[in-house]
Amino acid sequence: MTVEIAEYKPLSIGDIRSSLASGARSATALAEACFRQIEARDAEIHAYLSINRERALEHAARIDDLAAKGEPLPVLAGVPVGIKDVLTIEGLQATAGSRILEGYRAPYTATAVGKLETAGAIVLGKLNCDEFAMGSSNENSAFGPVHNPHALDRVPGGSSGGSAAAVAAGMAVATLGTDTGGSIRQPASFCGVVGILPTYGRVSRYGLIAFASSLDRIGPFTANVRDAATVLGVIAGHDPMDATSSPLPVPDYTADIDKGVAGLRLGVPSEYFAEGLDSEVRAAIERSIDQLRAAGALIKPISLPHTRYAIPTYYIIATAEASANLARFDGVRYGFRAKDADTLSAMYRRSRNFGFGPEVKRRIMLGTYALSAGYYDAYYKKAQQVRRLLTEDFLKAFTEVDAILTPTAPTPAFKLGEKVDDPVSMYLADIYTVTASLAGICGLSVPCGKSGAGLPIGLQILGKHFDEAMVLRVAQAVETLQS
Amino acid sequence: MSDSATVSVEDVRRVAELANLELTAEEETHMLRDLNAILAHVSQLNELDTSAVEPMAQVSEVIGSGQQSALRPDEVRPCLDRAHVMACAPETDGIFFKVPKVIER
């Protein structure tokens, strides 16, 4: 079956488009090759929660018709993609990794997914994730964990573990994930792929099952930086259906991507290289920084002094918002309903208690507690105040540097089961990613090396609000300097 | 938030009721342990004097990316088709959602 990987895995989005246009490949053959790869690998990886073969082949046939007629092909023509199961597609399941939505079929399509399909992408299926995107290891999925394609006894990261693993194992060329505290960047790092956190408001969230609305974002995973830029360009932009989406115009993210880093000022915050950082991760990040310096970048030490307060701040704000967002799952309008309740309130409680897993309940409880009478000022308001301090750290830093370089995660992928009984230790896996989530800035994770055991390591590049082009330009340099 | 704030099992029950959750005795025990561990970690925030800091609820407050003018005209527009929405419901007569009795005695 490895022949099948060789058949398409090295293909970039640009290769796919030109080979379809020349007739060297068909979209149908490409989708079939992906489905064969899924059959070969996904029994042990478990990235996909559902496959939509007929629908995908129908869409692929339409692209092949266009190509046969010599008509212009859209930018993602024939690109096989997978979608995290927190995003809706009309008529298809959207479980959010939860039993409470098992069997639910969405009545409308998320804007980001609609844009991919309009651009010619072929949706193969829906991808596994932590329940309601709450987790850093994918072990909170009600349908079983995803295994890291680089080491099956290790986690793929979370919560978008399926989205990262599918790209890493050649089971899709691009995928969509979501990131609330690191859920795109951390699995991208663990699985050795590129994952972008766009600026808050850059990508419409219409059709995203909400976790924490002031933090949730949608972004792409791909095998290389240029493809990530291409997919971001397709899904970004204003949407009247999402009042938080920005009206700012979307630039061509590939236009300046090859400009290199000569003369760019890149900040390295000391707080991200303190205690707790794995030595192999540190070495890989420092090697990348040295390469960027050699390529002409001005590396500047900077300080983001409130960094250590980011995890507690995040876990109050995210859980408070989650407790409100998840109140809608009550067994009335959609999803699971407990059968044995004879009053409305018993029906709510039993439906929710059966439908939600342990981590979701833990976060609903924490968030409800933080918002409850007598505790609001001490927890929620306090966290919102510290959020401003964390954001001001970044705004100040970006007056001196063009982008910031950090490790994406403190360690490479950890073992399945290693942290499941210790929520605080699991939350600390997000220590380098939650800061950008709280500040609303953009960033990405790009592979920058491997540990001695062959586990991927990711470099996080953070940029100003709406400066995705800069972050992609630096990432492209990192990728080029690797090879 | 005092450094010594601890959650009691009564707090767990009160919050579970507010959150419409019905925890088993075993779940209550785990929740008590986990909430106290997490809140102990959160108490670090007390080190910071934030008395002069405005709370930040939304990123747009800081970057002002045009969201202020995001209000759309108040016009009648089509919404999702009732049949599609009702098809998702656990119990419906096609027009309304059906639920167990609301008034308890």
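Rules used in this analysis
- Residues numbered from 1 in each chain as written.
- Chains lettered and ligands numbered in written order.
- Predicted model: local features only at pLDDT ≥ 70, side-chain atom pairs only at ≥ 80, totals over all residues.
- Axes fitted to C-alpha atoms, helices over the stretch in contact; angles between N-to-C directions.
- Helix = DSSP H or I, 4+ residues; strand = E, 2+ residues; numbered from the N terminus.
- Parallel < 35°, antiparallel > 145°, perpendicular 65-115°, else oblique.
- Left-handed = near helix turned anticlockwise from the far one by under 90°.
- Contact = placed C-beta atoms within 7 Å.
- Nonpolar A, V, L, I, M, F, W, Y, C, P; charged D, E, K, R; others polar.
- pLDDT = per-residue confidence, 0-100.
- Expected span 1.5 Å × (residues − 1).
- Buried ≥ 20, exposed ≤ 12 C-beta atoms within 10 Å, placed from the backbone.
- Arc of directions from axis to C-beta.

(A) Here's a closer look at the packing of helix α8 (residues 225–235) of chain A against helix α16 (residues 468–482) of chain A. All names here are of chain A. Two numbers describe how α8 lies on α16: the axes approach to 9 Å, and their chain directions differ by 160 degrees. Of the possible angle classes, the one that applies to α8 and α16 is roughly antiparallel. When you trace α8 past α16, the crossing you get is left-handed. Listed contacts from α16 to Val225, Arg226, Ala229 and Leu232 of α8 are Glu468, Leu472, Ala475, Gln476 and Glu479. Along the lines of polarity and charge, the residues of the contact of α8 with α16 split into 5 nonpolar, 1 polar and 3 charged.

(B) Seen up close, the confidence of the model for chain A. Across chain A, the average pLDDT comes to 95, with 98% of residues at or above 70. Overall, residues 1–8 of chain A carries pLDDT values under 50, and its contacts beyond four positions in sequence, including any with other chains, amount to 10 contacts.

(C) Structural detail: helix α4 (residues 53–68) of chain A. Residue and element names in this part refer to chain A. Relative to the 22 Å expected for 16 residues at 1.5 Å per residue, α4 spans 22 Å between its end C-alpha atoms, a close match to the ideal helical length. Residues Ala56, His59, Ala60, Ile63, Asp64 and Ala67 constitute the buried set of α4. In an axial view of α4, the angular spread of the buried residues amounts to 145 degrees, which keeps them on one side of the axis. Those residues of α4 that are exposed and angled more than 90 degrees off the buried face are Glu54, Glu58, Asp65 and Ala68. Contact partners of the buried residues in α4: α2 (13–22), α3 (27–45) and β3 (122–127). Positive backbone phi, approximately 70 degrees, marks Gly70, located one or two places after α4.

(D) Fine view of the interface of chain B and chain A. At the junction of the two partners, chain B supplies 48 residues and chain A supplies 59 residues. Looking at the side of chain B that touches chain A, the elements that each hand over two or more residues are α1 (9–18), α2 (25–42), α3 (60–63) and α4 (82–86) of chain B. Tallying contributions element by element places α2(B) first for the side of chain B that touches chain A, with 7 residues. Its residues placed into classes, the side of chain B that touches chain A shows 31 nonpolar, 10 polar and 7 charged.

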